[in-house]
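Working through the structure, step by step
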Amino acid sequence: MNSNNFLVIGDFCIDYFIYGTTDRINPEVPVPIFKPVEVVENLGMAGNVAENLSSLGHTVDLICNKNKILKKRYVDKESNHMHLRVDEDDFVNKKDSFKNFQSIKFSKYNAVIITDHNKGFLSHEDIEKITKSHEHVFVQTNKIIGDWVSEALYIKLNKKEYEKSEKAIFDNTEIKSKLIITDGSNGAYFQDKHYPVNRNIVTRDLSGAGDTFLSVFASEIISGKNHDEAIINSQIAASKVVQKRGVSKAGRNDTSINFLNL
């Protein structure tokens with residue numbers, strides 16, 4: 001696969017996986033007593049997309065919020081059962097949101113990926129400007145879809161995100177023609193075509209699977225694959241990731257990301 005230059009823009013967090021044991025129940029209230037034994041830290045949201053792209057051999061710049069959104073998952077080490085997730089500072093302050101749009105040299109990138117978790121870093125207007133500034137913009141968003149995303153090359157939503165936007169895009173054939181819907185073990189859908197997945201795999205952790213799908217899909221498209229090949233290969237990569245514990249990357253483990261300070 002050829003190396004390309006990618007720009008990733010979106011909400012950023014740190015994922016903490018706190019693994020431990022739960023071998024007894026609290027005598028005061030019927031909840032398990034959790035004893036931490038290991039902590040694994042990963043870049044999350046836009047950071048995970050950027051790391052996946054870097055793991056595939058691409059050069060990646062990342063524009064994201066500076067404040068630290070923290071997602072802490074308390075997980076039983078033996079069963080991989082998640083007891084609790086605690087999100088801290090789960091919103092981007094206005095002063096830390098996307099700005100200095102004019103200083104971005106979009107022409108230096110082969111593609112731009114917007115990964116918008118609706119935490120406050122990107123507005124509708126921001127996304128619309130970005131999609132009009134480059135011919136190869138891939139978007140995944142938690143916002144309700146509208147015309148502001150119609151200039152994107154592809155739009156990737158999971159099923160729950162799609163259901164939130166279904167009424168808003170009911171008659172929008174342009175957006176529908178670009179829309180990829182992922183639905184876990186049910187596969188993916190694009191332009192009325194269903195792409196099934198291997199249902200026999202053992203799923204250990206769904207964390208980051210959507211980011212892996214998006215990263216591999218964009219990588220495949222920019223490397224010259226058609227959308228059928230790209231979707232199938234993205235599903236294969238995501239299927240491998242969900243069989244592992246925590247957040248895993250699509251390619252090699254050593255990654256390098258350039259955080260842009262605009």
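Residues numbered from 1 in each chain as written. Predicted model: local features only at pLDDT ≥ 70, side-chain atom pairs only at ≥ 80, totals over all residues. Heavy atoms only, no water.

**With respect to the overall build of the protein**
Assigned secondary structure in the protein consists of six helices and 13 strands. Taken over the C-alpha trace, the protein has a radius of gyration of 19 Å; the compact-globule value for 262 residues is 18 Å, and the two agree within 12%. Reported as C-alpha extents along the three principal axes, the dimensions of the protein are approximately 60 × 45 × 40 Å. The burial tally for the protein puts 50% of its 262 residues in the buried class. Within the protein, counting contacts between residues at least 6 apart in sequence, those at least 24 apart form 66% of the total. Roughly 13,200 Å² of accessible area belongs to the protein as shown, and the carbon and sulfur atoms make up 48% of that amount. When the 34 positive and 35 negative side-chain charges of the protein are each reduced to one mean point, those points stand 3 Å apart. (Helix = DSSP H or I, 4+ residues; strand = E, 2+ residues; numbered from the N terminus. Rg over C-alpha atoms; globule rule 2.2 N^0.38 Å. Buried < 20%, exposed > 50% of the residue type's maximum accessible area, 1.4 Å probe, protein only. Contact = heavy atoms within 4.5 Å. Areas by Shrake-Rupley, 256 points an atom, 1.4 Å probe, with all protein chains shown as cover. Lys, Arg positive; Asp, Glu negative; His and termini not counted. Charge placed at Lys NZ, Arg CZ, Asp CG, Glu CD.)

**Description of helix α6 (residues 227–242)**
Residues that lie three or four places apart on an α-helix share one face, since the helix turns once every 3.6 residues. For α6, built from 16 residues, the straight-helix expectation of 22 Å at 1.5 Å per residue is met to within 8% by its first-to-last C-alpha distance of 22 Å. By the burial criterion, the buried members of α6 are Ala230, Ile231, Ser234, Gln235, Ala237, Ala238, Ser239, Val241 and Val242. Check the buried side of α6 and you find it contacts β11 (188–190), β12 (193–195) and α5 (209–222). N-capping of α6 is provided by Asn226, with a side-chain oxygen placed 3.1 Å from the backbone N of Asp228. (Expected span 1.5 Å × (residues − 1). Polar contact = N/O pair within 3.5 Å; in protein donor to acceptor, adjacent residues only side chain to side chain.)

**Some words on helix α2 (residues 124–131)**
Regarding α2, the residues found buried are Asp126, Ile127, Ile130 and Thr131. Buried residues of α2 fall within an arc of 125° about the axis and therefore sit on the same side. In the core, the buried residues of α2 are packed alongside β1 (5–10), β7 (111–116) and β8 (137–141). (Arc of directions from axis to C-beta.)

**Digging into unusual backbone geometry**
Phi is positive for Asn80, which is not a glycine, with a value near 65°. Structurally, the position occupied by Asn80 is in the loop between β5 (69–76) and β6 (82–88). One non-glycine residue, Asp192, lies in positive phi territory at about 65°. Position of Asp192 relative to the elements: it lies in the loop between β11 and β12.

**Considerations on the pairing of strand β9 (residues 154–158)**
Counted residue by residue, β9 has four buried out of five residues, so it is predominantly covered. Summarising the sheet, β8 and β9 pair through three bridges and their orientation is parallel. Bridged to Val139 within β9 is Ile155. (Pairing = 2+ DSSP bridges.)

**Quick word on the packing of α5 against α6**
As a packed pair, α5 and α6 sit with axes 8 Å apart at the nearest point and diverge in direction by 145°. The interaxial crossing formed by α5 with α6 has right-handed handedness. Together, Ala209, Thr212, Phe213, Val216, Phe217, Glu220 and Ile221 of α5 and His227, Glu229, Ala230, Ile231, Asn233, Ser234, Gln235, Ala237, Ala238, Val241 and Val242 of α6 make up the contact between the two elements. Of the residues assigned to the contact of α5 with α6, the class counts are 11 nonpolar, five polar and two charged. (Axes fitted to C-alpha atoms, helices over the stretch in contact; angles between N-to-C directions. Left-handed = near helix turned anticlockwise from the far one by under 90°. Nonpolar A, V, L, I, M, F, W, Y, C, P; charged D, E, K, R; others polar.)

**Side note on the sheet that holds strand β4 (residues 59–63)**
Reading across the sheet, the nine strands line up as β12-β11-β10-β9-β8-β7-β1-β4-β13 and stay open at both edges, with mixed pairing between neighbours. Pairing within the sheet leaves two strands with one partner each, and these edge strands are β12 and β13 (257–259). Between one strand axis and the next, the sheet turns through 20° on average, direction left out of account. Bridge count for β1 against β7 is five bridges, and the pairing is parallel. Across the sheet, the residue bridging to Leu7 is Val112, located in β7. Lying on the sheet, α6 is in contact with β9, β11 and β12; it crosses β12 at an angle near 30°.

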